[in-house]
Amino acid sequence: MSLTKSTHFGIARKIVSNMTAESWEQIPHAGLVYEPEVTEFLKECKKLNEGCTDKSKKITINTVMIKVICEGLKEAPKMNAHLEFNRKLVRGCLHEFDHVDVSMPMMLPNGEMMTINMHDMGSKTLTEMTETINDSIRRAKNTDMNEVMFEVSLDNTMQGLKKGKILQAIRRLYGSKTGKHKVKTLSGKAKKEYYSIPTTERLTKHDIEQGTITISNLGSVYREYRGACTLLEIIPPQVVAIAINSAQQKPIVENGEVKVGTVMPLSICMDHKALDYGDIVPFFKKLDEIFANPSVIQEWK
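Now for a description of the structure that goes with this document.

Conventions used here
Residues numbered from 1 in each chain as written. Predicted model: local features only at pLDDT ≥ 70, side-chain atom pairs only at ≥ 80, totals over all residues. Heavy atoms only, no water. Helix = DSSP H or I, 4+ residues; strand = E, 2+ residues; numbered from the N terminus. Contact = heavy atoms within 4.5 Å. Areas by Shrake-Rupley, 256 points an atom, 1.4 Å probe, with all protein chains shown as cover. Pairing = 2+ DSSP bridges. Buried < 20%, exposed > 50% of the residue type's maximum accessible area, 1.4 Å probe, protein only. Salt bridge = Lys/Arg side-chain N within 4 Å of Asp/Glu carboxyl O. Axes fitted to C-alpha atoms, helices over the stretch in contact; angles between N-to-C directions. Core = buried A, V, L, I, M, F, W, Y, C linked by side-chain atoms within 4.5 Å. Polar contact = N/O pair within 3.5 Å; in protein donor to acceptor, adjacent residues only side chain to side chain. Expected span 1.5 Å × (residues − 1).

## As for the overall build of the protein
Secondary structure assignment for the protein yields 9 helices and 10 strands. Of the contacts formed within the protein by residues at least 6 apart in sequence, a portion of 69% connects residues at least 24 apart. Roughly 17,200 Å² of accessible area belongs to the protein as shown, and the carbon and sulfur atoms make up 53% of that amount.

The following block contains the structure:
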């Protein structure tokens, strides 16, 4: 056996590996798959873009699905929350929010995947959501991701210090600033020029910080995939993560007859410390209502 290649983790991979490892160490995951029939829903999605010739203003299915999920979260607020839990003292508190900040993984111009915080998506129209997503993509093109992610990592380390996690902070700083694993950030003139770019033109720590829930569109990564994600990481202190899978044809039973339909599975993972199945039922009921009467999405435009 011959070694073909060795690649040291960059800052993006370091953050992802640390957060996902922390997720599985701390969280008892419980997974569910919700499979709505979306034939009529997809027809309504097409109607949203009738007469629109500007590609940048077209409302994507991903955007509509995020809006659908946000509407469901309004009926199940415990899903849109952060958990504070001390296992040693067996003390916990669930902090619910009146806004939905969506942590949304997206492909960056350099080909890397990074999670961007789409703030207050629950109160936005579909048009406003589209503008927010497009603006984040635009600003990402002017962003040095190593720089902004190091800011986030350093901020997390400082927050850990405030909580007394001194050894963890020392290890993180040592791991990011020494040897072959050193994170390369800007310095001198390059750093000065970069930070002279207005914050309205680049992503900042505010855009990368933790949201209230994570929603991933796995279907957009590989549309031909048939199946559904069975488990995905919940990033603490969030208590739920949702994956939108690709639309796919399946046999559907309707009025006792089998026909070909289109389903778009949603994979939902919850932190069982914070939630039980009953806490998610109102979310399912709201989605059932939307998919049964999909014309309602025209009111969201």
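## Some points on the pairing of strand 2 (residues 81–86)
By the bridge criterion, 6 bridges tie strand 2 to strand 3 (residues 91–96) in an arrangement that is antiparallel. Of the residues in strand 3, the one forming a bridge with F85 is G92. Remark: 4 residues form the turn of the hairpin made by strand 2 and strand 3, two consecutive strands paired antiparallel; V90 in that turn has positive phi of roughly 50 degrees.

## Some remarks on the pairing of strand 7 (residues 240–244)
Burial of strand 7 is extensive: 5 of the 5 residues sit out of reach of the surface. Residue alternation in strand 7 divides its side chains into two sets, V240, I242 and I244 and A241 and A243, and both sets are buried. As judged from the 4 bridges shared by strand 6 (residues 213–217) and strand 7, these two strands associate in the parallel manner. Each bridged residue has a counterpart across the sheet, and for S216 the counterpart in strand 7 is A243. Here 5 bridges tie strand 7 to strand 10 (residues 266–271), and the two strands are oriented antiparallel to one another. Residue pairing across strands places A241 opposite C269, the latter belonging to strand 10.

## Some remarks on the pattern of salt bridges
Scanning the entire structure with this criterion turns up 14 salt bridges. For the salt bridge of K273 with D271, the shortest nitrogen-to-oxygen distance reads 2.9 Å. Since its relative accessible area comes to 2%, D271 is described here as buried. Three or more residues joined by partner-sharing salt bridges are found here, namely D135, R138, R139, E201 and D207.

## Topic: the sheet that holds strand 1 (residues 29–34)
The mixed open sheet is built from 6 strands, whose spatial order is 1-10-7-6-4-5. The open sheet has two free edges, formed respectively by strand 1 and strand 5 (113–118), since each of these has just one partner strand. Mean inter-strand twist for the sheet, computed between neighbouring axes without regard to direction, equals 25 degrees.

## Digging into the nonpolar core
Counting residues in each nonpolar core, the largest one holds 60 residues, and the members touching the most others are F41, M79 and F283. Element by element, the count of residues in this core is highest for helix 3 (residues 61–75), at 7 residues. With residues near it in sequence (within four places) discarded, F41 still touches V64, M65, V68, F291, P294 and I297. I27, C229, I234 and A243 belong to the second-largest nonpolar core, a separate cluster that totals 7 residues.

## Things to note about the side chain of T130
Relative to the helices and strands, T130 is located in helix 4 (residues 126–140). Under the relative-accessibility criterion, T130 is labelled buried at 6%. From its side chain, T130 meets the backbone oxygen of L126 in a polar contact 2.9 Å long. The contacts of T130, once residues within four sequence positions are left out, are S56, K57, K58, I59 and T63.

## With respect to the environment of I208
Turning to its location among the elements, I208 is positioned in helix 8 (residues 205–208). Considering only alpha carbons, one finds I208 and M114, 94 residues apart in sequence, at a separation of 8.4 Å. Apart from residues no more than four positions distant in its own chain, I208 is found in contact with M114, T115, I116, M145, V148 and V152.

## Considerations on helix 9 (residues 277–292)
Relative to the 22 Å expected for 16 residues at 1.5 Å per residue, helix 9 spans 22 Å between its end C-alpha atoms, a close match to the ideal helical length. Every buried residue belonging to helix 9 is among I280, F283, F284, K286, L287, I290 and F291, and all of these are buried. For helix 9, the elements touching its buried residues are strand 1, helix 2 (39–47), helix 3, strand 7 and strand 10.

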